[in-house]
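Architecture and fold: a report
As a plain string of letters, each chain reads:
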Amino acid sequence: MNIENSIKLFDRANKVTPGGVNSPVRAFKSVGTNPLFIKKGKGSHIWDEDGNEFIDFCCSWGPLIHGHAPESVIKTIVDVASEGTSFGTPNYLEVELAEQIVSNHNYIEQIRFVSSGTEAVMSAIRLARGVTKRDKIIKFSGCYHGHADHLLVKAGSGLATFGTSSSAGVPEAFANETIVLPLNDINALKDAFETYKDQIACIIVEPIPANNGLLLQEKSYLEFLRTITKENNSLLIFDEVISGFRIGFEGAAGYYNIQPDIMTYGKIIGGGLPVGAYASTTEIMNNISPNGDVYQAGTLSGNPVAMAAGIAQLKLCLKDDFYSDLEDKTKRLKDGIQNHATQKSYPVTIPQIGSILWFAFEKDADIKSDDQIDPKSMGYFKQLHQYLLSEGIYFAPSGYEVTFVSSAHSDEDIDKTISAVNSGLDKIFGA
Ligand SMILES: *Cc1c(COP(=O)(O)O)cnc(C)c1O
């Protein structure tokens, strides 16, 4: 495959941008190739700067649930932008997107728009602390919540201990306010609430953990999070930046029928433009400025072009059978690969929910926490990724990342991908 132009661009980028990228995983470090510079996308396909064409299963890391450049979304972006891109005043599109969401989502009464998932989570945690007047938070190892200081924290040694920062530049004093626990461990939670009684503002969890493999949890475990937070007057935050509008319009809250106190959104909600949001009951949201004393603001929050893109995108999601059709397609992809792998006794298990799937390189895997993933198995993903690129198929460039199916993927795309992945697996695991 000729990637000369991508190589040249990466050289130029490295001179003017740290690591040549504006977000680290784009550097393709874990798959050992030069990153591809993508020039354009249409539907399920993308093209790089050298003219190579790929079926895209990264979908910009999740936002593009209808594939690239869906007509109605692009048309509204162009129409709205031609009338001005930002006013710094309220505009009707913010109201429309909020109404569209609230009126189709039983778990939300009010929503505030920000500009990224990180900002949404940061604001949600501040809100939880402001409401409870407590400082400590619980997060889980294997869940990602963006790059706010108190969330760049990894587990310390032993259960129910404070975390230590996982990034330089995060003060240990901040990390000390974050308790990091393993997923799928009810006793660890009980211990933490006992040890830090009346100090825990909230639990934040990806109800469908999809940033470190796909660590699907039992519904009963998620229900336990709801119970223990209620018992301790702490809040439960569902970080739905990936799962929101992906698993269904009501995200994981709707899927599991669990009412969290605060939900955060990003990715799909902005129709491919930078939007995040956090949402809750009117009572809790009343604590946010200008009504309440929890401060949060944004120069470009509720940006009209981004709001319009979100409205157009979510409108397509609200069509009858949208989510069930998408899931059927995803299951077909999964089954086509899993059946082959099982028949050949390859060490491959494909956890899947809605239109998200992931490759675990282990037989009959039931992986519910990050420490169950064997880092060595990621070597197989690297080989598979390189093979698939040569076959014109693009998966996210890391084995810890999930695969997203969009409504733009055709039956032909799915068939081609099944047969390419299967011959990739034959090459890797075949005798
Ligand atoms: C992507 C993601 C974030 C961060 O969102 P950004 O828009 O990248 O800042 C936070 N939480 C979850 C669950 C995510 O998947």
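Residues numbered from 1 in each chain as written. Predicted model: local features only at pLDDT ≥ 70, side-chain atom pairs only at ≥ 80, totals over all residues. Heavy atoms only, no water.

**Remarks on the site of the ligand**
Filter applied, for reference: A cutoff of 4 Å decides nearness: a residue is near a molecule or strand if any of its heavy atoms lies inside that distance of it. A 3.5 Å cut-off defines polar contacts: any pair of N or O atoms within that distance qualifies, except that in protein one atom must be a possible hydrogen donor and the other a possible acceptor, and neighbouring residues in sequence count only when both atoms are side-chain atoms. Residue exposure ignores everything except the shown protein chains as possible cover, and the areas themselves are Shrake-Rupley values with a 1.4 Å probe.
Taken together, Ser-116, Gly-117, Thr-118, Tyr-144, His-145, Gly-146, Glu-206, Asn-211, Asp-239, Val-241, Ile-242 and Lys-267 are the residues near the ligand. Between Thr-118 and the ligand, the recorded distance is 2.6 Å, taken from a side-chain N or O atom to an oxygen atom. Within the contact set of the ligand, a nitrogen atom lies 3.4 Å away from a backbone nitrogen or oxygen of Tyr-144. Relative to its unbound accessible area of 380 Å², the ligand is 83% covered by the protein chains.

**Overview of the sheet that holds strand β3 (residues 53-56)**
Formally: Between any two strands, pairing holds if DSSP finds at least two bridges. Helix and strand definitions follow DSSP, with helices as H or I runs of at least four residues and strands as E runs of at least two, each counted in order from the N terminus.
A sheet is described by the order of its strands in space; here four strands give the open sequence β1-β2-β3-β15, paired in mixed fashion. A strand with exactly one partner marks an edge of an open sheet, and here the two such strands are β1 (38-42) and β15 (393-394). Pairing of β1 with strand β2 (residues 45-48) involves four bridges; the strand directions are antiparallel. If you follow Gly-41 over to β2, its bridge partner there is Ile-46.

**Concerning the environment of Ile-228**
Inclusion rule: Here a residue-residue contact requires only that any non-hydrogen atoms of the pair lie within 4.5 Å.
Along the chain, the position of Ile-228 falls in helix α7 (residues 219-231). Sequence-wise, Ile-228 and Ile-186 are 42 residues apart; in three dimensions their C-alpha atoms are separated by 9.7 Å. Discounting residues that sit within four places of it in the chain, Ile-228 has contacts with Leu-189, Lys-190, Phe-193 and Ile-203.

**Overview of helix α4 (residues 117-132)**
Each turn of an α-helix holds 3.6 residues, which means side chains three or four residues apart point in the same direction. Our working definition: Working rule for helices: expected span equals 1.5 Å times residues minus one. Partly exposed describes any residue whose relative accessible area lies between the buried limit of under 20% and the exposed limit of over 50%, with all areas from a 1.4 Å probe on protein chains only and scaled to the type maximum.
Helix length check: α4 (16 residues) gives 23 Å between terminal C-alpha atoms against 22 Å at 1.5 Å per residue, within 8%. The buried fraction of α4 amounts to 12 of the 16 residues, a majority that puts the element mostly inside the structure. Between the side-chain oxygen of the N-cap and the backbone nitrogen of Thr-118 there are 3.5 Å, and the N-cap of α4 in question is Ser-116. A positive backbone phi angle near 55° is found at Lys-133, which sits one or two residues after α4.

**Here's the deal with the layout of surface pockets**
The probe, sized like a water molecule, is rolled over the atoms to show the empty space still left. Defined as follows: Here a cavity means grid points, on a 1 Å grid over the protein atoms only, where a 1.4 Å probe fits yet cannot get out; a pocket means an open set of points with protein on both sides within 12 Å along at least five of seven lines; lining residues are those with an atom within 4 Å of a point. Grid points are joined across faces, edges and corners, and a volume is the space filled by probe spheres set on the points. Under the scheme applied here, ten amino acids are nonpolar (Ala, Val, Leu, Ile, Met, Phe, Trp, Tyr, Cys and Pro), four are charged (Asp, Glu, Lys and Arg), and all others, including Gly, are polar.
In this structure, the second largest pocket encloses a volume near 420 Å³. Every element with two or more residues in the lining of the second largest pocket is listed here: α3 (92-103) and β4 (110-114). Residues that form the lining of the second largest pocket fall into these classes: 11 nonpolar, 11 polar and two charged.

**As for the state of the cysteines**
In plain terms, the rule: Disulfide: a pair of cysteine sulfur atoms within 2.5 Å of each other.
Scanning the entire structure with this criterion turns up zero disulfides. Looking at Cys-59, it has no disulfide partner, and the nearest cysteine sulfur is the one in Cys-58, 7.1 Å off. With a relative accessible area of 2%, Cys-59 lands in the buried category. Cys-143 forms no disulfide, and the closest cysteine sulfur to it belongs to Cys-202, at a distance of 13 Å.

**Section: the nonpolar core**
Convention followed: Throughout this description, the term nonpolar core refers to a set of buried Ala, Val, Leu, Ile, Met, Phe, Trp, Tyr and Cys residues connected via side-chain atoms within 4.5 Å.
By size, the foremost hydrophobic cluster in this structure holds 112 residues, and its most contacted members are Phe-113, Ile-138, Phe-140, Leu-189 and Leu-425. Examining the composition of this core, we find that nine residues originate from one element, helix α10 (residues 304-317), more than from any other. Among all residues touching Leu-189, those that are not within four sequence positions of it are Ile-138, Phe-140, Leu-181, Ile-203, Tyr-221, Phe-224, Leu-225 and Ile-228. Among the nonpolar cores identified, the runner-up in size contains 20 residues, and Ala-120, Cys-202, Ile-237 and Tyr-278 belong to it.

**Quick word on the pattern of salt bridges**
Using the following cut-off: Every case where a carboxyl oxygen of Asp or Glu lies within 4 Å of a side-chain nitrogen of Lys or Arg is listed as a salt bridge.
Overall, the coordinates contain 11 salt bridges when judged by the stated rule. Where Glu-177 meets Lys-136, a salt bridge forms, and the shortest distance between an N and an O atom there is 3.3 Å. Of this pair, Glu-177 sits in the loop between α5 (172-175) and β8 (178-182) while Lys-136 is found in strand β5 (residues 136-141), placing the two residues 41 residues apart along the sequence. Among the salt bridges present, the one from Lys-368 reaches Asp-366, with a minimum N-O distance of 2.8 Å. When its relative accessible area of 9% is taken as the criterion, Lys-368 is described as buried. We classify Asp-366 as exposed; its relative accessible area is 52%. Linked by salt bridges that have partners in common, Glu-218, Asp-366 and Lys-368 make up one network.

**Remarks on the side chain of Asn-422**
Within the secondary structure, Asn-422 is located in helix α13 (residues 411-429). Setting aside residues up to four positions removed in sequence, Asn-422 forms contacts with Gly-336, Ile-337 and His-340.

**Observations concerning the environment of Glu-231**
Inspection of the secondary structure assignment puts Glu-231 in helix α7. By relative accessible area, which is 57% here, Glu-231 ends up exposed. Separated by 158 residues in sequence, Glu-231 and Leu-389 have C-alpha atoms that sit 50 Å apart.

**As for the packing of aromatic side chains**
The geometry of an aromatic ring pair is captured by the separation of the ring centres together with the interplanar angle, meaning the angle of the planes. The condition that has to hold: Whether two aromatic rings pair depends on their centres lying within 6.5 Å, for rings of Phe, Tyr and Trp, where Trp uses its six-membered ring; planes under 30 degrees apart make the pair stacked, over 60 edge-to-face, and the rest tilted. To sit over a ring, a charge needs its Lys NZ or Arg CZ within 6 Å of the ring centre and within 35 degrees of the ring normal.
This structure, assessed with the given rule, holds 13 aromatic pairs. With centroids separated by 5.6 Å and ring planes inclined at 35°, the aromatic side chains of Tyr-346 and Phe-429 adopt a geometry described as tilted. In this pair, Tyr-346 is assigned in the loop between α11 (322-343) and β13 (352-353) and Phe-429 in helix α13, connecting sequence segments 83 residues apart. The same class applies to Tyr-346 as to Phe-429, namely buried. Aromatic pair Phe-359 and Phe-361: ring centres 6.5 Å apart, planes at 20°, arrangement stacked. Its relative accessible area of 2% is what places Phe-359 among the buried residues. Judged by its relative accessible area of 7%, Phe-361 falls in the buried class. Connected via pairs of aromatic rings, a cluster forms that spans Phe-57, Tyr-346, Phe-359, Phe-361, Tyr-380, Phe-395 and Phe-429. Above the face of the Trp-47 ring, Lys-40 is positioned so that its terminal group lies 4.9 Å from the ring centre.

**Considering the pairing of strand β10 (residues 235-239)**
The buried fraction of β10 is high, at five of five residues. The side-chain alternation of β10 yields two buried faces, one formed by Leu-235, Ile-237 and Asp-239 and the other by Leu-236 and Phe-238. Two strands pair when backbone bridges link them, and strand β9 (residues 200-205) and β10 are joined in this way by four bridges, in the parallel orientation. Directly across from Ile-203, in β10, lies its bridge partner Leu-236.

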